[in-house]
Amino acid sequence: MDEMKRIEGAAKKVREALGTAEIGIILGSGLGDYADALEKADRLPYGEIPGFPVSTVAGHAGKLLCGMLHGKRVMMMQGRFHYYEGYSMKDVTLPVRVMQSVGVKTLIVTNACGGINLSFAPGDLMVISDVFSLTGQNPLIGQNLDAFGPRFPDMSCAFDRELRGLAHAVAKKQGFELREGVYAQMTGPCYETPAEIRMLRTLGADAVGMSTVPEVIVARHGGMRVLGISCITNMAAGILDQPLSHAEVTETANRAKGRFQALIDGVVKGI
Ligand code: HPA
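None of the values given here were measured: they were computed from a predicted structure.

Scoring rules and cut-offs
Residues numbered from 1 in each chain as written. Predicted model: local features only at pLDDT ≥ 70, side-chain atom pairs only at ≥ 80, totals over all residues. Heavy atoms only, no water. Helix = DSSP H or I, 4+ residues; strand = E, 2+ residues; numbered from the N terminus. Expected span 1.5 Å × (residues − 1). Buried < 20%, exposed > 50% of the residue type's maximum accessible area, 1.4 Å probe, protein only. Arc of directions from axis to C-beta. Pairing = 2+ DSSP bridges. Near = heavy atom within 4 Å. Polar contact = N/O pair within 3.5 Å; in protein donor to acceptor, adjacent residues only side chain to side chain. Areas by Shrake-Rupley, 256 points an atom, 1.4 Å probe, with all protein chains shown as cover. Axes fitted to C-alpha atoms, helices over the stretch in contact; angles between N-to-C directions. Parallel < 35°, antiparallel > 145°, perpendicular 65-115°, else oblique. Left-handed = near helix turned anticlockwise from the far one by under 90°. Contact = heavy atoms within 4.5 Å. Nonpolar A, V, L, I, M, F, W, Y, C, P; charged D, E, K, R; others polar. Patch = residues over 30% accessible without salt bridge, like charges linked within 9 Å, V, L, I, M, F, W, Y side chains within 5 Å. Salt bridge = Lys/Arg side-chain N within 4 Å of Asp/Glu carboxyl O. Phe/Tyr/Trp six-rings, centres within 6.5 Å; stacked < 30°, edge-to-face > 60°. Lys NZ or Arg CZ within 6 Å of the ring centre and 35° of its normal.

**A short note on helix α3 (residues 161-174)**
Relative to the 20 Å expected for 14 residues at 1.5 Å per residue, α3 spans 20 Å between its end C-alpha atoms, a close match to the ideal helical length. Listed as buried for α3 are L163, R164, A167, V170 and A171. In an axial view of α3, the angular spread of the buried residues amounts to 120°, which keeps them on one side of the axis. Projecting away from the buried face of α3 at angles above 90 degrees are the exposed residues R161, E162, K172 and K173.

In structure tokens:
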């Protein structure tokens, strides 16, 4: 289907069911409950949105919610689409286009990731300063959607400096040290090999995950202000003498979720 028609069809349904919003939040692994913070929330399962893919990962509930938070209209994605699930980059980023279409100007992207920087520890939270991707993919490949942004968008400051400063100020007030670093995206679904982690460290990555970069590219193409916050759920492969598991990732994400939610909440309040 024509990409613009697909976006417009999904956005029409979302506008009718949920209205408009100014802030969008993509809730990563373990953060899904934060949707409960929305007041007077309306919910729309992805399955009811025309053109939307359906999330397949356990722990990703798969709905869009919209309500009030600290006096602002906020739309949240409970569950995101991953490239490793077999979705195209257009599928993965469709929700960001839909949010742009219903008025969202600021996007907060969250995720769980592995720590590459040896000074990090599981449970740490990290503001994303920059990203790179080794997926070999880009969601903007294909005809440019001029209605959203230019053919060659600037990515020299993908993460808004003011929002990053706000996140640090909130963390300081809440009494914990917020890390900052570069997030590298791999396709997954297998975790990386120790050799890949050494390569990523050499390339300048502080953390590694399987999401986020396409959503940020599309958000920036459409001119959104973007903040990225990662939860370091484990040390990346080969750093500790132990295997990686999804159970460890979800367990740490659950342990860190109180602090993670408080940080996001403080940021939304301060916007
Ligand atoms: N690698 C990739 N993705 C991840 C990791 C990891 O170590 N932890 C959580 N998501």
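**Quick word on the pairing of strand β1 (residues 23-27)**
Extensive coverage of β1 is indicated by the burial of 5 of its 5 residues. As judged from the 4 bridges shared by β1 and strand β5 (residues 106-115), these two strands associate in the parallel manner. Paired with I25 across the strands is I108, a residue of β5.

**Here we look at the site of the ligand**
The immediate surroundings of the ligand are formed by A112, C113, G114, Y191, E192, V208, G209, M210, T233, N234, L244 and V249. Taking N234, its side chain carries an N or O atom lying 2.7 Å from a nitrogen atom of the ligand. If the ligand stood free it would expose 260 Å²; the protein chains cover 95% of that surface. At the level of elements, β5, β8 (207-209) and β9 (225-235) are the ones that each hand at least two residues to the shell around the ligand. Broken down by element, the residue count for the shell around the ligand peaks at 3 residues, all from β5.

**Re the packing of α3 against helix α6 (residues 246-270)**
Two elements in contact, α3 and α6, have axes whose closest approach is 9 Å; the angle formed by their N-to-C orientations is 125°. When the axes of α3 and α6 are compared, the pair comes out oblique. Two packed elements cross with a definite hand, and for α3 against α6 that hand is right-handed. Mapping the contact onto sequence places L166, A167, V170, A171 and Q174 in α3 and A262, L263, G266, V267 and G270 in α6. Tallied by class, the residues present in the contact of α3 with α6 amount to 7 nonpolar, 3 polar and no charged.

**Let's talk about a nonpolar patch on the surface**
Taken together, the side chains of L134, M199 and L203 define a hydrophobic patch exposed on the protein surface, amounting to about 260 Å² of accessible area. Its place among the elements puts L134 in the loop between β6 (125-133) and α3.

**Observations concerning the packing of aromatic side chains**
With the rule as written, the count across this model stands at 4 aromatic pairs. On the basis of an interplanar angle of 50° and a centroid distance of 5.3 Å, the ring pair of Y46 and F52 is categorised as tilted. Look at F81 and Y87: their rings are 5.5 Å apart centre to centre, the planes differ by 80°, and that puts the pair in the edge-to-face class. Both residues of the pair, F81 and Y87, count as buried. Members of the aromatic cluster, each reached through a chain of ring pairs, are Y46, F52, F81 and Y87. Sitting over the ring of F148, R97 keeps its end group 4.4 Å from the ring centre.

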